[in-house]
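As a plain string of letters, each chain reads:
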Amino acid sequence: MVYEAKTVLLKNGREAVLRAPSQADAAALKDFMVRCYGETEFLTKYPEEFTITLQQEQAYLEKNIASSTEMMIICTVDGELAGNCQINFKTGLKAKHRASVSIALLKKFWGIGIGAAMLQELLAVAEKQGATQVELACLEGNQRALALYTKLGFTPVASLPNAYRLKDGTSLGEITMVKQLG
């Protein structure tokens, strides 16, 4: 599923371009994810766990672009990859009303409206595709993300305690949030 490019004005007055990724973005996306995993404890992996090859990233992008049930959006600011997000639609007869979303942003781009813009685009795609429920998971303690998701109408519905164990031995729970559409 391919996203039509769009330019959005950020809170700091700069412009961001939201667009579908291409094969040419594979290396930048691979590096981007390693950086994101290293910048926060609130993603599900450490940087050293993200071990896919460039060829695997290219194959993943090719599959995503050709998919009728998945879509990725990347965000660039002044040509720099700032964020990415993805929506995955369920396909079974009993669950095809559901979609799940995920998002990642480099820390230097937090708080300027990129996350909200990307998620609003995913929600619009979900509605257009006929989904009536959008779901996401957020790690406990990620107050910035929880505030954004709540602002966009997501409601916490479940919590899985001790879902992730950090290197220092502390644990973080995983909060499942849902937004009803239409």
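For the structure, check the block above.
None of the values given here were measured: they were computed from a predicted structure. (Residues numbered from 1 in each chain as written. Predicted model: local features only at pLDDT ≥ 70, side-chain atom pairs only at ≥ 80, totals over all residues. Heavy atoms only, no water.)

By the criterion of burial, strand 6 (residues 133-139) is predominantly enclosed, with 6 of the 7 residues buried. Read as a crossover between parallel neighbours, the route from strand 5 (residues 98-105) over helix 3 (residues 114-128) to strand 6 is right-handed. Pairing analysis gives 7 bridges linking strand 6 to strand 8 (residues 171-180), with the strands arranged antiparallel. When the sheet's bridge partners are listed, Glu 135 is paired in strand 8 with Val 178. (Buried < 20%, exposed > 50% of the residue type's maximum accessible area, 1.4 Å probe, protein only. Helix = DSSP H or I, 4+ residues; strand = E, 2+ residues; numbered from the N terminus. Right-handed = clockwise from strand over helix to strand, strands pointing away. Pairing = 2+ DSSP bridges.)

Glancing now at the pairing of strand 3 (residues 70-77). For strand 3, a buried count of 8 out of 8 residues is recorded, marking the element as mostly surrounded by other parts of the structure. Here strand 3 shows a buried face lined by Glu 70, Met 72, Ile 74 and Thr 76 and a second buried face lined by Met 71, Ile 73, Cys 75 and Val 77. Of the strand pairs in this sheet, strand 2 (residues 15-19) and strand 3 are connected by 4 bridges, and their pairing is antiparallel. Within strand 3, the residue paired with Arg 19 across the bridge is Ile 74. Summarising the sheet, strand 3 and strand 4 (residues 80-89) pair through 8 bridges and their orientation is antiparallel. Looking at strand 4, one finds that Thr 76 is bridged to Leu 81. Between strand 3 and the antiparallel strand that follows it, strand 4, lie 2 residues; Asp 78 among them carries a positive phi value of about 50°.

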